[in-house]
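Letter by letter, the chains look like this.
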Amino acid sequence: MFVKSDGLALDVFDLLSRLKTFLAARGWTINDESVSTLQIQRGPNRFFSLRAFNNTLPDDPAFPFGIAGIALRGATGYELAGGFSGQPGRPELDEDMMLLPYGQKYVFLDDGYMVWVATEVAAGFWQHLCFGRIISSWQTTFFGGSLRMSYDIDSVLKQTNVPLASASTGSTCYVLNEHTGGWAKWFNSDAQTGDLATTHGLNSSFYGFPNYSLNNGDGILARARSAFTGLTMLVPIQFFGGQGGKWRYIGNLQYAFVVNMRELFAERTYTVGSKQYYVLPFGKKPEPFHHDSTVGKGLGIALRIA
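Keep in mind that what you see is a predicted model, and the values were worked out from it rather than measured.

K.L.:
Could you clarify how one ought to interpret the pairing of strand E8 (residues 114–122) in this entry?
P.N.:
Burial of E8 is extensive: nine of the nine residues sit out of reach of the surface. Between the end of strand E7 (residues 105–110) and the start of E8, which pair antiparallel, lie three residues, with Gly112 showing a positive phi angle near 90 degrees. As paired elements, E8 and strand E9 (residues 125–133) share eight bridges and run antiparallel to each other. By the bridge assignment for E9, Val115 is matched with Phe131.

And the structure:
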């Protein structure tokens, strides 16, 4: 189950400092730190680099202010001289969580396998980072975020996506291939012609994930909502990878589920039988509620805390 810590941060650098304190108390090894960077490790093969940045794109006419945020990347090891950009085995791209100047509220959750970080960047609008280990025979490392930093985005809020699901200019989950030592975009909708296809020899004409995977928006919505009652189901977050021209189930996230936010409220704890789940939306819950009226499609995350 997740252990939760929440509060208010003064800025992104204070947020990173508070996250370091939380992770250290939860058993993570702090390999290196500065005001703006953090190198962390859990176990012998889970390494992550985090960087706080401020006043990005201050001269971009699309933005009335500079953007602040937290960038995250996985790695396959740690080198003292590597800094944020030079750690071994890092993928090419970051996954970012953008914070607007008025974003102060945060929630940290850790279950011993993975960490979930969420911040309220505007009233009722939440962005997310997550990283850790998939529960499976591979015991593999993953990380994902709300979006990827890009110089051509029109609005940070419009670019927020469901962490771990693909989007053309948004989030992508990276999973470490334990057999090759490389990172694959396991939930990227272009994977059939990208690194996943190269790694596993998939036919370029082969397309699509199982319709019950998080990548398939229609499939996950069909299982997360009821148009008649508004009832919400706890939908497992499952990982699939291609091998030999077929999709193979890799594993799932323990204690983390996708939910329909229609009848739920952010920052509430809901009891299901003997279990309790803490709920946050992806982006902002639309009012009046409509699944296609906002990025995130009216979905949220439910994290078991008791």
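K.L.:
Could you clarify how one ought to interpret the pattern of salt bridges in this entry?
P.N.:
Where charged atoms of side chains with opposite charge meet at close range, the side chains can pair. Here the structure, examined in full by the defined rule, presents eight salt bridges. Of the charged contacts in the structure, one is a salt bridge between Asp6 and Lys4, with a shortest N-O distance of 3.3 Å. When the shortest N-O distance is used, the salt bridge between Glu287 and Lys285 registers 3.9 Å. Several salt bridges converge on common partners, so that one network encompasses Arg26, Arg42 and Asp110.

K.L.:
Even after reading the chapter, I still don't get the nonpolar core, so can you show me in this structure?
P.N.:
Soluble, globular proteins show a tendency: their nonpolar side chains are buried together. Residues Leu15, Leu23, Ile40, Leu50, Ile70, Val117 and Phe131 are the most contacted members of the largest nonpolar core, which totals 31 residues. Examining the composition of this core, we find that six residues originate from one element, helix H1 (residues 12–25), more than from any other. Setting aside anything within four residues of it in sequence, one finds Ile70 in contact with Val12, Leu15, Leu16, Leu50, Arg51, Ala52, Phe53, Glu95, Asp96, Met97 and Leu129. Within the second largest apolar cluster, 23 residues are counted, among which are Leu109, Leu253, Phe282 and Leu303.

K.L.:
What's the story with empty space enclosed by the protein in this structure? I'm lost.
P.N.:
Where empty space is left can be seen by rolling a probe of water-molecule size over the atoms. Throughout the structure, instances matching the rule amount to one cavity of 30 Å³ or more. There is about 40 Å³ of room inside the largest cavity. As for the largest cavity, its lining consists of Leu15, Leu16, Leu19, Leu50, Ile70, Val117, Leu129 and Phe131. Elements represented by at least two residues in the lining of the largest cavity include exactly H1 and E9. A class-by-class count of the residues in the lining of the largest cavity yields eight nonpolar, no polar and no charged.

K.L.:
How do you make sense of the environment of Ala75 when you look at a structure like this?
P.N.:
Relative to the assigned elements, Ala75 resides in strand E5 (residues 67–75). The exposure class assigned to Ala75 is buried, which follows from its relative accessible area of 1%. With 11 residues separating them in the primary sequence, Ala75 and Gly86 have C-alpha atoms 9.5 Å apart. If near-sequence neighbours (up to four positions away) are discounted, Ala75 is found in contact with Phe47, Gln87, Pro88, Gly89, Arg90 and Trp183.

K.L.:
Please explain the packing of aromatic side chains as it appears in this structure.
P.N.:
Scanning the model with the defined rule gives six aromatic pairs in all. Centroid distance Phe48 to Phe131: 4.9 Å. Interplanar angle 50 degrees. Geometry classified as tilted. Residue Phe48 is located in strand E4 (residues 46–56), and its partner Phe131 is located in strand E9; the two are separated by 83 residues in the primary sequence. Accessibility classification places Phe48 together with Phe131 in one group, the buried group. Through successive ring pairs, a cluster of aromatic residues spans Phe22, Tyr106 and Phe108. Taking the ring centre of Tyr278 as reference, the NZ or CZ of Lys4 above it sits at 4.8 Å. Over the face of the ring belonging to Phe265 we find Lys285, whose NZ or CZ atom lies 4.5 Å from the ring centre.

K.L.:
Would you mind showing me how to read unusual backbone geometry here?
P.N.:
One can expect most non-glycine residues to show negative phi and most peptide bonds to be in trans. A positive phi angle, close to 70 degrees, is found at Tyr255, a residue other than glycine. When you line up the elements, Tyr255 lands in strand E14 (residues 246–260). Overall, the relative accessible area of 24% leaves Tyr255 in the partly exposed class. At Glu267, a position not held by glycine, the phi torsion is positive, near 65 degrees. One can find Glu267 in the loop between E14 and strand E15 (268–272). Judged by its relative accessible area of 33%, Glu267 falls in the partly exposed class.

Calculation notes
- Residue numbers here run from 1 along each chain, matching the order of that chain's written sequence.
- Per-residue local features of the predicted model are confined to residues with pLDDT of at least 70, and side-chain atom pairs are confined, for both listing and counting, to 80 or more; whole-chain, interface and lining totals are unaffected and use all residues.
- Based on all heavy atoms of the structure, the side-chain values leave hydrogens and waters out of the count.
- The classification of residues rests on relative accessible area computed with a 1.4 Å probe and restricted to protein chains. Under 20% of the type maximum is buried, over 50% is exposed, and intermediate values are partly exposed.
- Per the convention used, a helix needs a DSSP run of H or I reaching at least four residues, while a strand needs a run of E reaching at least two, with both numbered from the N terminus.
- Any two strands with at least two DSSP-identified bridges between them are counted as paired.
- In what follows, salt bridge is the name for a side-chain nitrogen of Lys or Arg lying within 4 Å of a carboxyl oxygen of Asp or Glu.
- Buried Ala, Val, Leu, Ile, Met, Phe, Trp, Tyr and Cys residues form a nonpolar core when they are joined through side-chain atoms within 4.5 Å.
- Any two residues whose heavy atoms approach within 4.5 Å at even a single point are treated as in contact.
- Cavities and pockets are defined on a 1 Å grid built over the protein atoms alone: a cavity is a set of grid points where a 1.4 Å probe fits but cannot escape, while a pocket is an open set with protein on both sides within 12 Å along at least five of seven lines, and lining residues are those with an atom within 4 Å of any such point.
- Grid points are joined across faces, edges and corners, and a volume is the space filled by probe spheres set on the points.
- Gly counts as polar in this scheme, as do all residues outside two lists: the nonpolar Ala, Val, Leu, Ile, Met, Phe, Trp, Tyr, Cys and Pro, and the charged Asp, Glu, Lys and Arg.
- Here a pair means two rings of Phe, Tyr or Trp (six-membered ring of Trp) with centres within 6.5 Å. Their orientation is stacked below 30 degrees between planes, edge-to-face above 60, and tilted elsewhere.
- When the NZ atom of lysine or the CZ atom of arginine is within 6 Å of a ring's centre and also within 35 degrees of its normal, the charge is said to sit over that ring.

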